[in-house]
Structures are given as structure tokens and as C-alpha cells.
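Overview (structure and organization)
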Amino acid sequence: MAITKTIRPGLIQMRVTNLEESVAFYRDVLGLDVVGKTSDGRVMFKTFDEFDHHSVVLRAAPESGFDYVAFKVTDAETLEELKAATEAFGYPVDIASDEQPGYGKRYGFTLCTGHRIELYAEVDMAENIPMLLNPDPWIDPPRGMKAQRFDHLLLYGPNIGEAVRYFTEVLGMFYPEYCNTPDGKPFAYWLTGGNKAHDIAFVEYEKPNTIHHHAFYLEDWNAIGHAADLIGKHRVKRDVGPTRHAITRGQTIYFFEPSGNRIETYAGGYAAYPDNPKRQWTVDEIGRGLFYYEGELIPSFLEVVT
Ligand SMILES: [Fe+2]
């Protein structure tokens, strides 16, 4: 197994049916900065607190949904090792052909769940990065919901047991928390490559290549309340929250951006260590695990994916 010191989700590309309205939403409500446009009209964003050239890309398309997520790995040598390990695992690997300005070579493959996953080792620094010398918390006051970083995503698809095996055995990530069905089949897994409670999560679902949400990190519970105020003010379609997850222990609110993709703003969460024992959920308690205050599942939460 390759030794990976860095493995983190650094880039997500989403499809949106209404590019103009979605761009305005990410910029003015979430508070991301527009970095620029690719030559084919996709729009790049970063948060005020990120260093990479950009972390989120929106592409105009007839249907909203997920294009791919790309994980940054330690270095170029590790990238080649992980390419070989991915092929040995059974997934054919290609070199991404679409332009992502500032990004070095990206390898990609289709996971058993139907999602495209990419790996890369090099990305340019953005023009506007957080201060490095005697740093203030920010250069200009954060705007909108004050999203600090692209934090994690939850993907729905079939055969997540194999996906978890790929992420743990090949990429060296681990799962602090999981839920199996009574007969022992994987139902929901939360995976991380660092100290965060989760970088990516999977839920078993018949239809491949669907996304439940992507999430941005906010500073604290007050920031989640502020996000809820903006949801009211801008008449955003809210899904669930503000509430707390028992799973990962984060504080959260879910809502839909104008093209219908679900977004979460998330704060808190425990620190995860690979040598800690794993937390387990049973299916009959998973509603309480997801929505600790409500104590039960909210139907739209499971039924609406893009
Ligand atoms: Fe989440």
C-alpha cells in the first residue's frame, strides 16, 4: 500500500441548470469568491480561507448533479503509485482531459458507485490566499454565509462496500463511523484522510452516480444560525436544520441552491484518529444519528438526490 501523507478532497465540479443564478448564489449567499471562467464557460470559485487556485467549479448542463471530486495526494511520486494501485484494484485510469486552470495532471476513474473520482498532486496557489506572516483571521471580512472551505460530500450509489474498500485499502483513508444493515451489509460510511470527522461519505442506493450534498465548513454554531438567517432573507429552499448530527457530531443546515443541488453548511465535528475505535449505528437509529434534535429521519433528506 502506498504511504499517503496528504489525501484530501480539493476540487469538486457540479452541474447546474441555471448557471447565472447558481453563480450568484455561491458568490453572494455562500460567500465564495469567483476566481474566473474556463475557456468553455465553467465558473471557478474558492473560499476566502483556501490556498488552492480554486476548489469549486460549476458547469451549465441540462440536468443538475455531480461531475467529479478530485483528491489531492502528497506528491507526484505518490500520484503514480496510487494510479498503479487503482488499476491493480480493478479500475481503469485515464488522464482528465478537461481544463482545470492551475491544476497539474489529474488521473480519473469510475468508482463502483458510478462516480468519477480524480487524483492529483499539484495545484497552483490562488492569488488571494490567507495571510502567512503574523496572519489576521482574514484579509477582507468574509461575506454571506462565510464559507471557510469546501469540506466534504455525500455520494449515493450501489455497492458502497467496494467503494469503502477502495478508499481505505488504496488511498489509505479510514472510517471513524459507519452503519450496516441488520444482515451486515454496508449502508452508510463516513471516511476521512485526516483529522476531520469526514471528507467523503457513502450511502447505499440503487441508482448510480447521484449526489446527496456537498458541504462547506462554517466557523461555529453562531455561523450556522447566521446561515439560517440568510436562508430566510433570500428565500432559499431549506431542507433540514439548523440542527446537530449525532454522526460526526457536527452542527448543520441543509438547503438547495437555485439549480436544485443540495448544499450543507457544517460546523464542529469531532477530531478523528485512525487508531480510535469506530462508532457504529444501527439502521433503526440512523434517523436520530442524522438529526439528533428531531430524533427521526426527514423524508426529503433520503428521497431527494441529484
Ligand atoms: Fe454532510
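Residues numbered from 1 in each chain as written. Predicted model: local features only at pLDDT ≥ 70, side-chain atom pairs only at ≥ 80, totals over all residues. Heavy atoms only, no water.

Below, the discussion takes up the domain arrangement of the protein. Looking at the assigned domains, one finds that the protein contains domain 1 (7–120) and domain 2 (149–303). Of note, the centres of domain 1 and domain 2, computed from C-alpha atoms alone, are 19 Å apart. Facing 39 residues of domain 1, the contacting portion of domain 2 comprises 39 residues. Summing both sides of the interface, domain 1 and domain 2 together bury roughly 3,100 Å²; the carbon and sulfur share of this comes to 73%. Counting across the interface, domain 1 meets domain 2 through 0 salt bridges. Here domain 1 and domain 2 share 14 residue pairs in polar contact (both at pLDDT 80 or more) between them. Looking at the side of domain 1 that touches domain 2, the elements with two or more residues in it are β1 (7–16), α1 (19–30), β5 (65–73), α2 (76–89) and β8 (116–120). The residue makeup of the side of domain 1 that touches domain 2, split by class, is 24 nonpolar, 12 polar and 3 charged. (Domains from an automatic or database assignment. Contact = heavy atoms within 4.5 Å. Buried area = accessible area lost by both parts, 1.4 Å probe. Salt bridge = Lys/Arg side-chain N within 4 Å of Asp/Glu carboxyl O. Polar contact = N/O pair within 3.5 Å; in protein donor to acceptor, adjacent residues only side chain to side chain. Helix = DSSP H or I, 4+ residues; strand = E, 2+ residues; numbered from the N terminus. Nonpolar A, V, L, I, M, F, W, Y, C, P; charged D, E, K, R; others polar.)

On the protein side, the iron ion has H152 (NE2), H213 (NE2) and E264 (OE) as donor atoms, found 2.0 to 2.1 Å from it. One chain supplies every donor to the iron ion, and in sequence these donors are spaced H-x60-H-x50-E. With H152 in strand β9 (residues 149–157) and E264 in strand β16 (residues 262–268), this residue pair connects regions lying 112 residues apart in the sequence. Both residues of the pair, H152 and E264, count as buried. (Donors = N, O, S within 2.8 Å, 3.2 Å for Na, K, Ca; no water. Buried < 20%, exposed > 50% of the residue type's maximum accessible area, 1.4 Å probe, protein only.)

A word on the packing of aromatic side chains. If you walk through the whole model with that rule in mind, you get 19 aromatic pairs. Centroid distance F167 to F202: 5.6 Å. Interplanar angle 55°. Geometry classified as tilted. Note that F167 is positioned in helix α3 (residues 160–170) and F202 in strand β12 (residues 200–204), a separation of 35 residues in sequence. Through a chain of ring-to-ring contacts, the aromatic side chains of F71, F89, Y91, F109, Y166, F167 and F202 assemble into a single cluster. (Phe/Tyr/Trp six-rings, centres within 6.5 Å; stacked < 30°, edge-to-face > 60°.)

On to the nonpolar core, then. Counting residues in each nonpolar core, the largest one holds 62 residues, and the members touching the most others are Y26, Y166 and F167. Summarising the domain contributions, this core has at least three residues from each of domain 1 (7–120) and domain 2 (149–303). Once residues lying within four places of it in the same chain are set aside, the contact partners of Y166 are T86, F89, Y91, F109, L111, L119 and L171. Counting 17 residues, the second-largest nonpolar core is a separate cluster that includes C179, V240, I247 and L290. (Core = buried A, V, L, I, M, F, W, Y, C linked by side-chain atoms within 4.5 Å.)

Okay, a negative patch on the surface next. Together, D75, E77, E81 and E122 line one region of the surface with negative charge. By the element assignment, E122 lies in the loop between β8 and β9. On the accessibility criterion, E122 (49% relative accessible area) is partly exposed. (Patch = residues over 30% accessible without salt bridge, like charges linked within 9 Å, V, L, I, M, F, W, Y side chains within 5 Å. Areas by Shrake-Rupley, 256 points an atom, 1.4 Å probe, with all protein chains shown as cover. Lys, Arg positive; Asp, Glu negative; His and termini not counted. Charge placed at Lys NZ, Arg CZ, Asp CG, Glu CD.)

This part takes up the environment of Y26. Mapping Y26 onto the fold places it in helix α1. By relative accessible area, Y26 is classed as buried at 0%. Each residue touching Y26, except ones within four places of it in the same chain, is listed here: G31, L32, F45, V56, L58, H214, F216, E257 and I263. Within the structure, the side chain of Y26 is placed 2.8 Å from the side chain of H214, a separation counted as a polar contact.

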